[in-house]
Amino acid sequence: MSREQQAVARARKAFETGRSRPLEYRIIQLKNLQRLFIERQKEISDAVKKDLNKSEVGTQLYETLGLEGEISLAIRKLREWAAPRPVEKNLLTLSDTVYIQPEPLGVVLIIGAWNYPWAVTVQPLIGAIAAGNAAVVKPSEVCVHTAKVMEDLLPLYIDKELYPVVTGGVPETQELLRQRFDHIFYTGNSTVGKVIMEAAAKNLTPLTLELGGKSPCYIDKNCDISIACRRITWGKYTNCGQTCIAPDYILCDPSIQDRVIEEVKKSIKDFYTEKPKTCPDYGRIINQRHFKRIMALVGDSAVAAGGDGDESDCFIAPTVLRDVKPDAKVMQEEIFGPLLPILPVSGLDEAIKFINKREKPLVLYVFSADEKVINRMRDETSSGGFLANDCLVHFSVSSLPFGGVGNSGMGCYHGKFSFDQLSHLRGCLIKKLKMEGVNNMRYPPHTPKKLGCARFFILKTFDLGWVGRMLLLALMAVVAAFVLQVRETQAKSKKMLLFLFVCLFVSFHVFS
Amino acid sequence: MSQEELVVERARRSFQTGRSKPLEFRLQQLRRLQSFLKERQEDIKDALQKDLGKVGNSFITHIYFVILWISLIYSFELTACPCKHINSFQHNTEQMQLVTPDFHHVCLFQVFHDEFVYHFLCYSGNAAIVKPSEISSTSSTVIKQLLPLYLDKDLYQVVEGGVPETQQLLKQRFDHIFYTGSTAVGKLVMEAAAPHLTPVTLELGGKSPCYIDKDCDIRIACRRITWAKLINCGQTCIAPDFILCEPSVQNRVVEEIRRCVKEFYADSPKTSDDYGRIINQRQFKRIVGLMEGCTIAFGGDADESQGPTVLKNVTGDSRVMQEEIFGPLLPIVTVQSVDEAIHFINEREKPLALYVFSHNVKLIEKVLAETSSGALVANDCIVHFLDSALPFGGVGHSGMGRYRGRHTFDQLSNLRSCMIKQLKMEGLNSMRYPPHSTKKLGWARRFLLSQLNVQKLRNMAMLAMLTCLAAFVVQRFLR
């Protein structure tokens, strides 16, 4: 048995003991995970610094803070998420118990990425633990130091049989993909996403694929360009552009291109000083292979800012390219680096057309003060997420499902969505072995009379919620009348009671 | 260009015109679909009779199920409108979760038993290619000829054909593939979807177990099981596949089922108007072959149509227990207890449905907690399909994804997160911009990790206002 096979077999055996099912157990695991981020912040930051040159504050801000929030949320809400979810009844199920029961899937495979190694590897793990699954965690081998720290630290805090960490490169991942899982959660690029889906098909394993693409960023010429560019600059050059939801390129009117370039340059200076190379808050490209790839993308596009790089240090300066053509090299693949191409377009129509000719992105950004522009952009395009007047921040809203569409991915997660994505939502209908007479209409021999009955029950739709509310209101009216009658109160008190009744009525409608 | 390529190209171009987006258009198409089902009852009835021996009123019930689903859509008022959800505090401007549906180009595959169940390709605003099963050939032809007379024939095209045509279709790029059928083909569909990263909904099958507790009302239980088993001659993905019960009740179960068969289908199911038939010779031979080595409790006669058959004392390694029966054979496997039944179920692939008959709520809860299946129904079979609020779908080998009612809409939509901010209050953003500092991090921590439920706050504020108003009125007017 290979190492990978053993890890998966052990995880499955641990899952089958049933110990991950009780909510208390899951909460303990989540609290232990919480402790890991409090107690081991230094080791985590040191490793991320070595891999990506992120500062300690940067690591917290962009990686572990979000995780702390997600863990707290899961701990707080777990009972609610895991509870049976009653559903609307109809005439046929009026006397039955009907609900959706969330259940664990089994053994989940989580394949992490290297750009935010903790954030994108542990966030699905939080969902897997909360949903009661076992999970095999495969950190990206590209972030060498962080993978090692994960392998060392996770087993010290969470159940090492239920949640084993398996490190390794392509051969180890392929071996893992030959095993059978109940769900595979992959964060990475579309090419590998396809390979994973093909492997999953053999076992009919459902997937969540968090992929990428070129996220467009449209700047309306009539908006506050200074603030827009500040936010875009932050979104672009965080982690040296190695963010799946970084604004990949800008679309704007030619008349504002110079202004945009000036503002971006200004913001770069504000954030990363005159010398980003020595600024502790400016990151590095993950490795030389990617360094070469990104530098080659500049191609023959005109450099408006930056453009320089140092291979020995994997440093690429924050770069802006101007007057970029649609067929330029930099527009053929996701940049995933600190190059910001600007493509002039004559207006919103052309921008929308440009975007729709390409694969659906993970996120679409639009900067405008005009609601009509925002709405048109939203209505006439498609993307995983849509954000107006800022970048990246939708990632931190746990009530928004985070995921792609088309080439940018499938499935979604964050907050409750992680829990649901990694659960099986089982439909449950609990009937009684009574009232068999009602069922006669469905049994053969079929007759038009029986059919008439079936028609009534099946086709009659009542809003049972409304009926229930009306009944409650009627009950309140009866109680009020009774009180007024029996108590023989004075006129003033009667008015007060009546008024209180009206207040109750209004509140009932406002809050129901 | 092959025929399949042309069809897909035409559908994509029609979709890109944007005409399937407006809600009025979708409602109109749904009404036309309803008309199709009402006006063409005779054609549909004849086709179903030729394919499946479905006659008389049973098919009409079937159709009305479909009509119900369509009318349910009206009651949703096509929930394609954005849903507002105001939540946490970390951003100064209003955060709105607008969940707007996005549009797909969907390909739909059907199996023969669900010929006329159209999964509301219309109502989430997509274009769709429908590929009916070639096995129910008459129904397939009827759909091909008649559907374009009612629905937009460019947006919703029907492609007929067998395996080669299906393979050609699967080479094209879709935004979603919805397949109903067998596990084996489900794998092929998913494999074909992978190069395009097309998400799939697979409604597959499996062996749906049916546990009968010895202390329950066996007569009623068997009545419901018999009905569910023999609808459409057992060719229902959620038919109870086999029974698990204790040896002491096996004979009683057999007797009750025999009695129900007689009651439902008179003395001879073969001549009964309400008993269907196996779709074709290949399936018929397959089902007959499954009886090999088993003890027939009653039935077992197989000439041109397989009669209702109960097999007793079946073991886990019998031929009939190796694959989904999809026919009118009902094996009974005896188990000593519910624990053994659970063990038996868990040794096998997760089924599409699990049935348990018992008065004992704790027993039902035990089965629910210790097994997994697409759905669980206690004390009846199949009827969960009628409740559109319940998601219908499998898990593991019985499928992925779900549909019915609102779930279909969501399954065939892109639920796109939207966040609309303003280009104001930029000062608040300084905590996130470099140069980073511990102080800024402190602020970020406070904002990101605060657990303010803004919706609750608003409700409380409203309540406080109402209370003040009430107090004021009492003070002023009622003294």
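Just so it is clear, the structure is predicted and the values come from calculations on it, not from any experiment. Residue numbers restart at each chain and count upward from 1, following the sequence in its written direction. The lettering of chains begins at A and the numbering of ligands begins at 1, in the order of writing. With pLDDT at 70 or above as the cut-off, local features in this predicted model cover only qualifying residues; side-chain atom pairs require 80 or more to be listed or tallied, and sums for whole chains, interfaces and linings still use all residues. Working from all heavy atoms in the structure, the side-chain values ignore hydrogens and water.

Asker: Any details on the overall build of chain A? Residues and values, ideally.
Answerer: Under the DSSP-based scheme used, a helix requires at least four consecutive residues in state H or I and a strand at least two consecutive residues in state E, with every element numbered from the N terminus. What chain A contains, in helices and strands, is 17 helices and 17 strands. By principal-axis analysis of the C-alpha atoms, chain A measures approximately 85 × 65 × 55 Å. Contacts were defined at the residue level, with two residues in contact if any of their heavy atoms lie within 4.5 Å. In chain A, 71% of the contacts between residues at least 6 apart in sequence involve partners at least 24 apart. The accessible surface values rely on the Shrake-Rupley method and a 1.4 Å probe; as for residues, cover is taken only from the protein chains in view. Counting every atom, chain A has about 20,600 Å² of accessible surface; 57% of that belongs to carbon and sulfur. Averaged over its 66 positive side-chain charges, chain A has a centre that lies 8 Å from the centre of its 56 negative ones. Charged residues are defined narrowly, with Lys and Arg counted positive, Asp and Glu counted negative, and His plus the chain ends left uncounted. Here the site of a charge means NZ on Lys, CZ on Arg, CG on Asp, or CD on Glu.

Asker: Which residues make up a nonpolar patch on the surface, and what values go with them?
Answerer: A surface patch of nonpolar side chains, about 260 Å² in accessible area, is lined by Leu472, Leu475 and Val479 of chain A. Assignment of secondary structure puts Leu472 of chain A in helix H16 (residues 464-487). Candidate patch residues must exceed 30% relative accessible area and have no salt bridge, after which like charges are joined if within 9 Å and Val, Leu, Ile, Met, Phe, Trp or Tyr side chains if within 5 Å. By definition, a salt bridge exists where a carboxyl oxygen of Asp or Glu is found within 4 Å of a side-chain nitrogen of Lys or Arg.

Asker: Describe helix H11 (residues 288-298) of chain A, and please don't skip the residues or the numbers.
Answerer: Residue and element names in this part refer to chain A. Along H11, the residues classified as buried are His290, Phe291, Ile294, Leu297 and Val298. The buried side chains of H11 occupy one side of the element, clustering within an arc of 125° when seen end-on. Looking at the buried side of H11, the elements it contacts are strand S9 (302-305), strand S10 (309-310), strand S11 (315-316), strand S12 (319-322) and strand S13 (339-344). If you check the start of H11, you find a side-chain oxygen 3.3 Å away from the backbone N of Arg289, and it comes from Asn287. Immediately downstream of H11, the backbone of Gly299 shows phi near 55°, a positive value. When accessible area is computed with a 1.4 Å probe and restricted to protein chains, residues below 20% of their type maximum are described as buried, those above 50% as exposed, and intermediate ones as partly exposed. The reported arc concerns the directions from the helix axis to the C-beta atoms and nothing else. Any N or O atom pair separated by 3.5 Å or less is treated as a polar contact, with the protein-specific requirement of one donor-capable and one acceptor-capable atom, and with residues adjacent in sequence counted only for side-chain atom pairs.

Asker: Can you break down unusual backbone geometry residue by residue, with the values?
Answerer: Residues Pro444 of chain A and Pro445 of chain A are joined by a peptide bond in cis, for which omega reads -5°. On the secondary structure map, Pro445 of chain A appears in the loop between strand S17 (423-430) and helix H15 (448-459). Note that the residue after Pro434 of chain B, namely Pro435 of chain B, is joined by a cis bond; omega there is -5°. For Pro435 of chain B, the location among the structural elements is in the loop between strand S14 (417-420) and helix H14 (438-449). Here Asn53 of chain A, not a glycine, exhibits a phi torsion of approximately 55°, which is positive. For Asn53 of chain A, a relative accessible area of 17% translates into the label buried. Even without being glycine, Cys314 of chain A reaches a positive phi, approximately 55°. The residue Cys314 of chain A is located in the loop between S10 and S11 in this model.

Asker: Go over the UniProt feature "active site" (unreviewed entry) in chain A with me, naming the residues and quoting the values.
Answerer: All names here are of chain A. UniProt positions are given in the numbering used here, feature names are shortened, and annotations may be inferred rather than shown by experiment. Per the UniProt annotation, the sites labelled "active site" (unreviewed entry) are Glu210 and Cys244. The annotated residues occupy 35 residues of the chain but converge on a single region, no pair of C-alpha atoms lying more than 8.9 Å apart. Relative to the helices and strands, Glu210 is located in strand S6 (residues 207-210). If we skip the residues at most four places from it in the chain, Glu210 touches Phe185, Tyr186, Thr187, Gly188, Phe402, Gly403, Ser408, Gly411, Cys412 and Tyr413. With respect to the helices, strands and loops of the structure, Cys244 is situated in the loop between helix H9 (225-237) and strand S8 (249-252). What makes Cys244 buried here is its relative accessible area of 18%. For Cys244, the contacting residues outside a window of four places in its chain are Asn115, Leu211, Ser215, Glu334, Phe336, Leu362 and Phe402.

Asker: So what's going on with the interface of chain A and chain B? Residues and values would help.
Answerer: Often, the extent of an interface is quoted as the loss of accessible area on bringing the components together. The interface is formed by 114 residues belonging to chain A together with 117 residues belonging to chain B. In short, buried area is how much 1.4 Å probe accessible area vanishes from two parts on joining, totalled over both. Approximately 9,700 Å² of surface area, both sides summed, lies buried where chain A meets chain B, with 63% of it carried by carbon and sulfur atoms. Among the residues chain A hides against chain B, the three largest losses belong to Leu204, Arg426 and Leu433 of chain A. Together they make up 9% of the total. The interface formed by chain A and chain B holds 13 salt bridges in total. Residue Glu68 of chain A is joined to Arg445 of chain B by a salt bridge in which the shortest nitrogen-to-oxygen separation is 3.1 Å. Joining chain A to chain B, the criterion identifies 47 residue pairs in polar contact (both at pLDDT 80 or more). The nonpolar class holds Ala, Val, Leu, Ile, Met, Phe, Trp, Tyr, Cys and Pro. Asp, Glu, Lys and Arg form the charged class, and all remaining residues, Gly among them, are polar. When the residues that make up the side of chain A that touches chain B are grouped by side-chain class, the tally is 55 nonpolar, 29 polar and 30 charged. Alignment of S17 of chain A against strand S12 (residues 375-378) of chain B, held across four bridges, turns out to be parallel. Paired with Leu429 of chain A across the two strands is Val377 of chain B, which belongs to S12 of chain B. Two strands are counted as paired when DSSP detects at least two bridges linking them.

Asker: Tell me what's going on with the nonpolar core, and back it up with residues and numbers.
Answerer: Take the buried residues of types Ala, Val, Leu, Ile, Met, Phe, Trp, Tyr and Cys, join any two whose side-chain atoms come within 4.5 Å, and each joined set is a nonpolar core. Judged by nonpolar contacts, the single largest core of 205 residues is most densely connected at Trp118, Ile219, Phe367 and Met377 of chain A together with Met190 of chain B. Looking at which element gives the most residues to this core, the answer is helix H4 (residues 56-82) of chain A, with twelve residues. Not counting chain neighbours up to four residues away, the residues in contact with Trp118 of chain A comprise Leu36, Phe37, Ile44, Val48, Glu63, Leu67, Gln123, Thr146, Val149 and Met150 of chain A. Grouped together as the second largest cluster of nonpolar side chains are 84 residues, Ile430 of chain A together with Cys210, Val253 and Ile278 of chain B included.

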